[in-house]
Amino acid sequence: MSKITTVQQHILDEERLHPTATGDFTQLLTSLIVAAKIISREVNKAGLVKILGETDNVNVHGEVVMKLDEFAQQTIYRAMGDCGHLCVMASEESENIIPIPDGGKRGRYVLMFDPLDGSSNIDVNASIGTIFSIHRKVTDQEDGCEVDCLQHGWKQLAAGYFIYGSSTMMVYTTGNGVHGFTLDPSLGEFLLSHERITTPPRGRIYSINEGNATKWDLGTRRYIEHVKEDRKERGHPYSLRYIGSLVADFHRNLLKGGIFLYPGPKGKLRLLYEANPLAMVAEQAGGSATTGNMRILDVEPTSLHQRVPLIIGSREDVAEYERFYKESTGAAAD
Ligand code: AHG
Ligand code: MN
Ligand code: MN
């Protein structure tokens, strides 16, 4: 009979691995978990409470903001703004940094998040999620600033996501492996269900929006042709699985093995709120994440809403993509 471990107990155990830990980090994650439970509750009854559909505003990316995007954003702000452990926040849905409310206690951590990932799937009941990334403050003043947000992904203290699917799960890492917890709604607790997740070194799934094929660079085109070839000896051809929610596509491939690609030239996905946190999870699970040219976690952040090409998943699949990309980019440059 496996033991029952709540996510709070797990985070406390993780915190004990860091001798200088003060418990602040545990309290920070606990506040975030409360926000996720509230979002999960609303997501699971979204069709009934008129929280579906669009608002009449457009975000910094020129995308129509869904009511549930806004609800998730506000819920995280309300839960985290007064938790006392943050010096600043930044969100995919906010053009600028989000200061801690006046009078609120400031802390030494930075929270960046995509409040609701997969918005286009809200109205059709497909899995969506929340992605989070936590850094330590690097500037001196009490209030955090943009510099505290624009840190390399390899410096993240913790990262993970909540996925609101057939069940609600939390998957996170603090640099000591990746662990998954499933929400038991009757208890209101996230219980350890996937201890130390490791992603298979090679999968048989590729996830890409084939509708963009005419825009792909030569390397991507060649790689996608390659995985479709019927090469029995190498587990080919792969199957295409693409939901259009990054968290759902990533989570499936993390567990089953495979590769997710949203290639360049610029890419659509955001470095701070999507690529960096998931790249930390992927690497901690034995996978990898690249722009094609370089490791995601080494990309220099230059702006809050910077986009990057994201190729992420099983390390052998990602390495194979990089070979195709670099050969073709080299060839194209000649
Ligand atoms: P978000 O809903 O936070 O804006 O993210 C949507 C992203 C990501 O979830 C998904 O992988 C990608 O958009 C799908 O883009 P396409 O519809 O262009 O394939
Ligand atoms: Mn997103
Ligand atoms: Mn989003």
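About the criteria used
Residues numbered from 1 in each chain as written. Chains lettered and ligands numbered in written order. Predicted model: local features only at pLDDT ≥ 70, side-chain atom pairs only at ≥ 80, totals over all residues. Heavy atoms only, no water. Buried < 20%, exposed > 50% of the residue type's maximum accessible area, 1.4 Å probe, protein only. Helix = DSSP H or I, 4+ residues; strand = E, 2+ residues; numbered from the N terminus. Donors = N, O, S within 2.8 Å, 3.2 Å for Na, K, Ca; no water. Axes fitted to C-alpha atoms, helices over the stretch in contact; angles between N-to-C directions. Parallel < 35°, antiparallel > 145°, perpendicular 65-115°, else oblique. Left-handed = near helix turned anticlockwise from the far one by under 90°. Contact = heavy atoms within 4.5 Å. Nonpolar A, V, L, I, M, F, W, Y, C, P; charged D, E, K, R; others polar. Core = buried A, V, L, I, M, F, W, Y, C linked by side-chain atoms within 4.5 Å. Phe/Tyr/Trp six-rings, centres within 6.5 Å; stacked < 30°, edge-to-face > 60°. Pairing = 2+ DSSP bridges.

Hey, could you run me through helix α6 (residues 246-256) in this one?
Side chains three or four residues apart in an α-helix point the same way, a direct result of the helix having 3.6 residues per turn. Among the 11 residues in α6, nine count as buried, and that is most of the element. The complete set of buried residues in α6 reads Leu246, Val247, Ala248, Asp249, Phe250, His251, Arg252, Asn253 and Leu254.

Is there a simple way to think about the coordination of the manganese ion (ligand 3) in this case?
Tetrahedral coordination by four donors places them ideally at 109.5 degrees to one another around the metal; octahedral coordination by six donors ideally gives 90 or 180 degrees. Distances from the manganese ion (ligand 3) to its protein donors, Glu92 (OE), Asp114 (OD) and Leu116 (O), fall at 2.2 Å. For the manganese ion (ligand 3), the single-chain donor residues occur in sequence as E-x21-D-x1-L. For the pair the manganese ion (ligand 3) and the manganese ion (ligand 2), the metal-to-metal distance amounts to 3.7 Å, and Asp114 bridges them. For the pair shown, Asp114 and Leu116 are each scored as buried.

Teacher, can you tell me more about the packing of α6 against helix α7 (residues 271-284) here?
Pairs of packed helices are described in terms of their axes, by the angle between the two and the distance that separates them. Close contact between α6 and α7 brings their axes to 12 Å; oriented N to C, the two are set at 10 degrees. Considering their axes alone, α6 and α7 lie roughly parallel with respect to each other. The two elements α6 and α7 cross, and the hand of that crossing is right-handed. Across the interface between the two elements, Leu246, Phe250 and Leu254 of α6 pack against Glu274, Leu278, Val281 and Ala282 of α7. Residue composition of the contact of α6 with α7, grouped by class: six nonpolar, no polar and one charged.

Sorry, what's going on with the nonpolar core here?
The nonpolar side chains of a soluble globular protein tend to be buried with one another. Formed by 37 residues in total, the largest nonpolar core has its most connected members in Met80, Leu86, Leu111, Phe132, Ile134 and Phe162. Ranked by residues supplied to this core, first place goes to helix α2 (residues 24-43) with nine residues. Ignoring anything within four residues of it in the chain, the contact list for Leu86 reads Leu28, Met80, Ile100, Lys105, Arg106, Gly107, Tyr109, Val110 and Leu111. Counting 29 residues, the second-largest nonpolar core is a separate cluster that includes Leu246, Phe260, Leu269 and Leu310.

Help me understand the packing of aromatic side chains in this model?
The final tally for this structure, using the stated rule, is nine aromatic pairs. Between Phe162 and Phe190 the ring centres are 5.8 Å apart and the planes differ by 50 degrees, which places this aromatic pair in the tilted class. Taken together, the residues Phe162 in strand β7 (residues 158-164) and Phe190 in strand β10 (residues 189-194) connect sequence positions 28 residues apart. Consider the rings of Tyr223 and Tyr321, whose centres lie 5.5 Å apart with planes at 85 degrees: the pair is edge-to-face. Here Tyr223 is found in helix α5 (residues 218-228), whereas its partner Tyr321 is found in helix α8 (residues 315-333), with 98 residues between them in sequence. Classification of Tyr321 by relative accessible area gives buried; the value is 0%. Grouped by ring-pair contacts, the aromatic residues Tyr223, Tyr321, Phe324 and Tyr325 constitute a single cluster.

Can you help me understand the pairing of strand β5 (residues 109-117) in this one?
Consecutive side chains along a regular strand alternate between the two faces of the sheet. With respect to burial, β5 is a largely interior element, nine of its nine residues being buried. Pairing of strand β3 (residues 86-91) with β5, which is carried by five bridges, proceeds in the parallel orientation. Its bridge partner lying in β5, Ala90 is registered against Met112. For β5 and strand β6 (residues 128-136), the ladder comprises seven bridges, and the chain directions are antiparallel. The residue bridging Leu111 from the neighbouring strand is Ile134, located in β6.

Can you walk me through the environment of Cys145 in this structure?
As for its position among the elements, Cys145 is in the loop between β6 and α4 (146-149). A sequence separation of 57 residues divides Cys145 from Val88, and the C-alpha atoms of the two residues are 6.6 Å apart. Setting aside anything within four residues of it in sequence, one finds Cys145 in contact with Val88, Ile97 and Thr139.

Even after reading the chapter, I still don't get the sheet that holds strand β8 (residues 168-173), so can you show me in this structure?
As a general point, the strands of a sheet are linked pairwise by backbone hydrogen bonds and lie either parallel or antiparallel. Taking strand neighbours across the sheet as the criterion, the eight strands line up as β4-β3-β5-β6-β7-β8-β9-β10 in an open arrangement whose pairing is mixed. Both outer strands of the open sheet, β4 (98-99) and β10, are each paired with one neighbouring strand and no more. Alignment of β7 against β8, held across six bridges, turns out to be antiparallel. Within β8, the position partnered with Gly160 by the bridge is Tyr172. Across the face of the sheet, helix α1 (residues 7-16) comes into contact with β8, β9 (178-184) and β10 while running at roughly 0 degrees to β8.

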